[in-house]
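Here is what each chain is made of, one letter per residue.
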Amino acid sequence: MNSTLGIHHVTAIAGDPQANVDFYCGVLGLRLLKKTVNFDDPATYHFYFGVGVGAPGSIITFFPWGAQGLLGRRGVRQVAATSFSIPQSAVGYWSERLQKYNVNLKGPFTRFDEEVLSLNDPDGVELELVASARDPRPLWEGGPAPAAHAIRGFYHVALAEEGYERTAGLLTTTLGFRPLRESGNRFRYETGEGGPGAIVDLLCLPDAPPGRMGVGAVHHVAWRAENEAAQLKLRSELARLGYNVTPVIDRNYFRSIYFREPGQVLFEIATDPPGFTVDEPPEELGRNLKLPPWLEADRQKIEQALPSVNFPKI
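Bear in mind that the values here come from a model prediction, so they are computed numbers and not experimental data. Starting from 1, residues in each chain are numbered consecutively following that chain's sequence as written. For a predicted model such as this one, the threshold for reporting local features is a pLDDT of at least 70, and the threshold for listing and counting side-chain atom pairs is 80 or more; totals across whole chains, interfaces and linings nevertheless cover every residue. Water and hydrogen atoms were dropped before computing side-chain values, which therefore reflect all heavy atoms in the structure.

**Student:** Is there a simple way to think about the environment of glycine 192 in this case?
**Tutor:** Here a helix means four or more residues in a row that DSSP labels H or I, a strand means two or more in a row labelled E, and each is numbered from the N terminus. Looking at the element boundaries, glycine 192 is found in the loop between β11 (186–190) and β12 (199–204). Under the scheme applied here, a residue whose accessible area is under 20% of the maximum for its type counts as buried, over 50% as exposed, and between as partly exposed, the area being computed with a 1.4 Å probe on protein chains only. The exposure class of glycine 192 is partly exposed, given its relative accessible area of 29%. Measuring from C-alpha to C-alpha, the distance between glycine 192 and phenylalanine 177 comes to 7.5 Å, with 15 residues separating the pair along the chain. Sequence-distant contacts of glycine 192, that is, excluding residues within four places in its chain, are made with Ser3, Thr4, Leu5 and Arg178. Only heavy atoms enter the contact rule, under which two residues are in contact if any of them lie within 4.5 Å.

In structure tokens:
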């Protein structure tokens, strides 16, 4: 059985880059791990936020398209919600903190015996904070939220699907997931060692309209491959099954392949190594604009085209 290890990262589309940084660093208390550009569109920033030095399973990334970017629309064929794991005792803290910053908040409510807070970022990306009693990942002490309440990484992602069976088949027969629980139209699966960071929910929404990519929408979800050998094995199997999977692409901090799952959500398989300290030391993560070697010759032109961003204003 091929197996992914869990969520590697989630990438979404933002509007204003300053508002994006202010929210994820200043409000949610994540660390800006990397300030770089979209390697496929160097006129646009690519921000990576996460915990500590950016362990896979804690990384949310954004392409800020600016104020004129096309607005996305929620619907099927896309990631419906991205949730972060918080300590079980931290629900009250986060309710007060988010209300302090005038964040549109729903909950707490109970799902599968766990308390959930639902919110939206400034661009409308749907997020959740899930209180988990079984998250062994270390707390990060470097953010504005006290370590005892801080986000530990992802809890799960939810995919909006017109029908869930073919996607479930890919998850369980090829990517190493196993059924965990279900309730109504929500079907939960986990992979690897299970638990927070290794969970996906499939939401069966046959009457929902298709989503549209744009500001406020999630672009793709990436699953963890332990190394390049594991990634190539998965790529070979996906190609054998008829998926239109890309060649391996060097993203500098990991290697990636991309394909669309049966419900048309864009999936990525990303390697755990080499990580975010490959081009700057841990204490300097996110401080400077980092470019891959093949874009260094254009640094001056790229820097002039990008808007100025301070970290963070809040």
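**Student:** Just to check I follow, could you spell out helix α1 (residues 17–27) for this structure?
**Tutor:** Since the α-helix packs 3.6 residues into each turn, any two residues three or four apart lie on the same face. For α1, the tally of buried residues reaches 10 of 11 residues, placing the bulk of the element in the interior. Those residues of α1 not exposed but buried are Pro17, Gln18, Asn20, Val21, Asp22, Phe23, Tyr24, Cys25, Gly26 and Val27. For α1, the N-terminal capping position is held by aspartate 16, with its side-chain oxygen 3.3 Å away from the main-chain nitrogen of glutamine 18. Of the residues one or two after α1, glycine 29 is the one with positive phi, at around 80°. Two N or O atoms form a polar contact when they lie within 3.5 Å of each other; inside protein one atom must be a possible hydrogen donor and the other a possible acceptor, and for residues adjacent in sequence the pair counts only when both atoms belong to side chains.

**Student:** Which parts of the structure should I look at to understand unusual backbone geometry?
**Tutor:** Trans peptide bonds make up most of the peptide bonds, and negative phi angles are found at most residues other than glycine. Across the junction of glycine 107 and proline 108, the peptide omega takes the value 10°, indicating a cis bond. Along the chain, proline 273 connects to proline 274 via a cis peptide bond; the corresponding omega equals 5°. Along the chain, proline 274 falls in the loop between β16 (266–271) and α5 (299–305). Even without being a glycine, asparagine 102 presents a positive backbone phi close to 55°. Within the secondary structure layout, asparagine 102 lies in the loop between α2 (91–100) and β6 (105–111). Residue aspartate 113 is not a glycine yet carries a positive backbone phi of 70°. Within the secondary structure, aspartate 113 sits in the loop between β6 and β7 (114–120). For aspartate 113, a relative accessible area of 66% puts it in the exposed group.

**Student:** I'm lost on the sheet that holds strand β15 (residues 255–260) in this one. Help?
**Tutor:** Pairing is mixed in the open sheet, where 8 strands are placed in the order β2-β3-β4-β1-β13-β16-β15-β14. Unpaired on one side and paired on the other, β2 (31–38) and β14 (249–250) mark the two borders of the sheet. For strand β13 (residues 218–225) and β16, the ladder comprises 5 bridges, and the chain directions are parallel. The residue of β16 that forms the bridge with alanine 222 is glutamate 268. Here α1 sits on the sheet and contacts β1 (7–14), β2, β3 (41–50) and β4 (59–64); the angle it forms with β3, its principal contact strand, is near 10°. Convention adopted: a line fitted to C-alpha atoms gives each axis, helices being fitted over their contacting stretch, and angles between N-to-C directions are expressed from 0 to 180 degrees. Sheet contacts for helix α4 (residues 228–240): β13, β15 and β16; angle to β15, the most-contacted strand, approximately 20°. A pair of strands counts as paired when DSSP detects no fewer than two bridges linking them.

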